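Structure assessment
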Amino acid sequence: MKIIRINLLVVLFASLLFNCGSKEEKKKEGFSYEKTGTSETSDTKTAEANEANIVITSNDLMQYNIKEIKVKAGQKVKLTLRHIGKLDINIMGHNLVILKQGVNLAEFAVKATTFRDNKYIPLNSEDIIAHTDLIGAGQTSTIEFDAPEAGTYEFLCSFPGHFGMMQGKFIVE
């Protein structure tokens, strides 16, 4: 009798698992699933192929959800930073700064701490490719820019003390 109950439960859970999906587009923080059965034009598909749409989250534990971003040289990049934590911008503010090649990440981060009035972005800095706004809990910042030439670039959060844990690679192929 126990074996029959266990088998029935296994069949029930398996059927639930396989039948809970949908073929429509589903979005979850940082992920996008392809919609099937659409009638997109080739121009729309080409435009999407030429644009990298990247969503990164940051949290109260001083973490980005990804450490590596890959795009193609010259590609239009739309980068969105979402702060999913609960702490205020003055306590746990985050941004994302992509540095040019050859810029020392630690030196840049130390320099940025002196620019509080400019949201920790050094004025007239030629070290930056692009950066988001400084955001706090529940906020989002989106930027658009063209990817630079092929190479590996570094990104970081320039809020004081965060660069040690909040950094990654921006790889242009």
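Everything here concerns the structure above.
The rules behind these values
Residues numbered from 1 in each chain as written. Predicted model: local features only at pLDDT ≥ 70, side-chain atom pairs only at ≥ 80, totals over all residues. Heavy atoms only, no water. Helix = DSSP H or I, 4+ residues; strand = E, 2+ residues; numbered from the N terminus. Buried < 20%, exposed > 50% of the residue type's maximum accessible area, 1.4 Å probe, protein only. Contact = heavy atoms within 4.5 Å. Pairing = 2+ DSSP bridges. Axes fitted to C-alpha atoms, helices over the stretch in contact; angles between N-to-C directions. Arc of directions from axis to C-beta. Polar contact = N/O pair within 3.5 Å; in protein donor to acceptor, adjacent residues only side chain to side chain. Salt bridge = Lys/Arg side-chain N within 4 Å of Asp/Glu carboxyl O. Core = buried A, V, L, I, M, F, W, Y, C linked by side-chain atoms within 4.5 Å.

The next subject is the environment of Phe145. For Phe145, the location among the structural elements is in strand β8 (residues 140–146). Given the relative accessible area of 10%, Phe145 is considered buried. Put simply, Phe145 and Ile129 are 16 residues apart on the chain and 8.6 Å apart in space, counted from C-alpha to C-alpha. In contact with Phe145, not counting residues within four places along its chain, are Gln75, Lys76, Val77, Leu79, Ile98, Ile129, Ala130 and Phe170.

Here we have five strands laid out as an open sheet, ordered β4-β10-β9-β6-β7, and mixed in their pairing. The open sheet has two edge strands, β4 (68–71) and β7 (128–131), and neither has a second partner. Between one strand axis and the next, the sheet turns by 25 degrees as a mean value, whatever way the strands run. The pairing of strand β6 (residues 97–99) with strand β9 (residues 151–156) spans two bridges and is classified as antiparallel. By the bridge assignment, Ile98 is partnered in β9 with Phe155. Here helix α4 (residues 105–112) sits on the sheet in contact with β6, β7, β9 and β10 (167–172), set at roughly 35 degrees to β9.

So, about α4. Taken as a whole, α4 has its buried residues at Leu105, Phe108, Ala109 and Ala112. Down the axis of α4, the sector holding all buried residues measures 100 degrees, keeping them to one side. Opposite its buried face, α4 presents the exposed residues Glu107 and Val110, each directed more than 90 degrees away. Its side-chain oxygen placed 3.0 Å from the backbone nitrogen of Ala106, Asn104 serves as the N-cap of α4.

In the structure shown here, the tally under the stated rule is three salt bridges. Residue Lys70 is joined to Glu68 by a salt bridge in which the shortest nitrogen-to-oxygen separation is 3.9 Å. For Glu68, a relative accessible area of 44% translates into the label partly exposed. Notably, a salt bridge pairs Glu144 with Lys76, separated by 4.0 Å at the nearest N-O pair. With Glu144 in strand β8 and Lys76 in strand β5 (residues 76–83), this residue pair connects regions lying 68 residues apart in the sequence. The partly exposed category is assigned to Glu144, whose relative accessible area is 45%.

Considering the arrangement of structural elements, one finds His83 in strand β5. Here His83 falls in the buried class, since its relative accessible area comes to 2%. What His83 contacts, discounting residues up to four positions off in sequence, is Ser58, Asn59, Asp60, Met92, His94, Ile135, Gly136, Ala137, Gly138 and Gln139.

Val71, Val77, Leu79 and Phe170 are the most contacted members of the largest nonpolar core, which totals 25 residues. At the level of elements, β3 (51–58), β4, β5, β8, β9 and β10 are the ones that each hand at least two residues to this core. Apart from the residues within four sequence positions on either side, Val77 is in contact with Ala52, Ile54, Val71, Ile143, Glu144, Phe145, Ala147 and Phe170. One finds Leu99, Phe108, Ala109 and Ile121 within the second-largest nonpolar core, a separate group that totals 10 residues.

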